[in-house]
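Coordinates in review
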Amino acid sequence: MDQQVINGDTLSLIFKRAGYNDEDVHNVISESREGELLERIFPGQTIAFQADASGDLVSVRYIKSALETITYTRTHTGFESHVETRSPEHREAWMTGVITSSLFLAGQDAGMSQSMILDMANIFGGVVDFALDTRRGDTIQLVYEELYVDGKKVSDGEI
């Protein structure tokens with residue numbers, strides 16, 4: 001049973017929605033090596049639960065991001081954890097923008113993320129004064145990486 005983390009959720013609330021109690025939460029967190037990672041959940045992440053035939057919790061899968069999943073599995077000595085880290089596929093991408101009022105707005109209009117605009121400004125900040133040197137009609141051309149997992153873009157990479 002999958003539970004989507006929503007704003008205001010606690011681990012206890014998520015386990016309760018899935019039909020488990022605070023003792024189950026405590027066991028998973030305290031018995032497994034990476035248990036403390038489960039305490040740092042954010043909206044949009046997914047926590048999946050698996051029970052045995054009698055309804056007892058046997059496995060918790062915490063999908064932290066598209067690149068990292070942690071699985072907590074009950075053994076005869078308690079819960080053990082396994083971290084699975086995936087490597088993204090790097091694809092080259094580029095974009096072009098025209099400055100109409102500011103670098104920031106031109107970057108947004110071209111589809112750049114805020115962090116990419118700030119990274120670009122930091123890279124070229126020693127050479128170009130983006131507040132005084134740019135003029136209306138100047139063109140921005142940027143080559144960068146996009147990171148993909150299973151054919152889906154998960155984030156921007158390096159410029």
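Below is a short write-up of the structure.

1. Describing the environment of Thr 46
Checked against the element boundaries, Thr 46 lands in strand β2 (residues 46-51). For Thr 46 and Thr 71, which are 25 residues apart along the polypeptide, the C-alpha to C-alpha distance reads 12 Å. Sequence-distant contacts of Thr 46, that is, excluding residues within four places in its chain, are made with Asp 2, Gln 3, Gln 4, Arg 61, Tyr 62 and Ile 63. Within the structure, Thr 46 has its side chain in polar contact with the side chain of Gln 4 (distance 3.2 Å).

2. Observations concerning the pattern of salt bridges
Summed over all chains, the structure comprises eight salt bridges. For Glu 34, the salt bridge goes to Arg 33, with nearest N and O atoms at 3.3 Å. One salt bridge in this structure joins Asp 150 and Arg 86, with 2.8 Å as the shortest N-O distance. Residue Asp 150 is located in the loop between β7 (139-149) and β8 (152-156), and its partner Arg 86 is located in the loop between β5 (78-85) and β6 (89-98); the two are separated by 64 residues in the primary sequence. Classification of Asp 150 as exposed rests on a relative accessible area of 66%. Using a relative accessible area of 33% as the deciding quantity, one classes Arg 86 as partly exposed. Each of the salt bridges in this network shares a partner with another, and the network as a whole consists of Glu 146, Lys 153 and Asp 156.

Cut-off values and rules
- Residues numbered from 1 in each chain as written.
- Predicted model: local features only at pLDDT ≥ 70, side-chain atom pairs only at ≥ 80, totals over all residues.
- Heavy atoms only, no water.
- Helix = DSSP H or I, 4+ residues; strand = E, 2+ residues; numbered from the N terminus.
- Contact = heavy atoms within 4.5 Å.
- Polar contact = N/O pair within 3.5 Å; in protein donor to acceptor, adjacent residues only side chain to side chain.
- Salt bridge = Lys/Arg side-chain N within 4 Å of Asp/Glu carboxyl O.
- Buried < 20%, exposed > 50% of the residue type's maximum accessible area, 1.4 Å probe, protein only.

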